[in-house]
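# Report on the structure
Spelled out, the chains give:
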Amino acid sequence: EADESIQLVADLRKTIGTRLFMSDDAGVAVRLWLADGHKADMVLWLAPSPKDRQKPAAWLVAPEALDPAVVRIAEDTLRKGT
């Protein structure tokens, strides 16, 4: 199972390539990857903040078909830090 998870992340990383964090192009690539039958409901991308590289930034990317209530719960949880 760990090997499968590693392969899944590697496949996503390959799909993203050199696209910029939080760019529209990267969001489209992640959503297409999710729609392509991968075993994930959404993707949480962590990187240094574009505004302050000393602080982390989180970007939650979900497919259009995912219930917006689920996305809001995930976003609220990230904001609370729990």
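Structure: above.
To keep things clear, this report deals only with the structure shown in the data block. (Residues numbered from 1 in each chain as written. Predicted model: local features only at pLDDT ≥ 70, side-chain atom pairs only at ≥ 80, totals over all residues. Heavy atoms only, no water.)

Let's shift gears to the overall build of the chain. Helix and strand counts for the chain stand at three helices and two strands. Listing each helix as α and each strand as β along the chain from the N terminus yields α-α-β-β-α. By principal-axis analysis of the C-alpha atoms, the chain measures approximately 30 × 30 × 25 Å. Buried residues in the chain amount to 28% of all 82 residues. Long-range pairs, those at least 24 residues apart, make up 42% of the contacts in the chain with a sequence separation of at least 6. Charge separation in the chain, taken as the distance between the mean sites of 11 positive and 13 negative side-chain charges, equals 8 Å. (Helix = DSSP H or I, 4+ residues; strand = E, 2+ residues; numbered from the N terminus. Buried < 20%, exposed > 50% of the residue type's maximum accessible area, 1.4 Å probe, protein only. Contact = heavy atoms within 4.5 Å. Lys, Arg positive; Asp, Glu negative; His and termini not counted. Charge placed at Lys NZ, Arg CZ, Asp CG, Glu CD.)

Summed over the entire model, instances satisfying the criterion amount to two salt bridges. Residue Arg79 is joined to Asp76 by a salt bridge in which the shortest nitrogen-to-oxygen separation is 2.7 Å. Here the residue Arg79 and the residue Asp76 both occupy positions in helix α3 (residues 68–80), the gap between them amounting to three residues, near one helical turn. Judged by relative accessible area, Arg79 falls into the exposed class, the value being 63%. (Salt bridge = Lys/Arg side-chain N within 4 Å of Asp/Glu carboxyl O.)

Further remarks concern a nonpolar patch on the surface. A surface patch of nonpolar side chains, amounting to about 280 Å² of accessible area, comprises Leu44, Leu46 and Leu78. Residue Leu46 is classed as exposed on the basis of its relative accessible area of 59%. (Patch = residues over 30% accessible without salt bridge, like charges linked within 9 Å, V, L, I, M, F, W, Y side chains within 5 Å. Areas by Shrake-Rupley, 256 points an atom, 1.4 Å probe, with all protein chains shown as cover.)

Geometric values such as these leave the question of function open.
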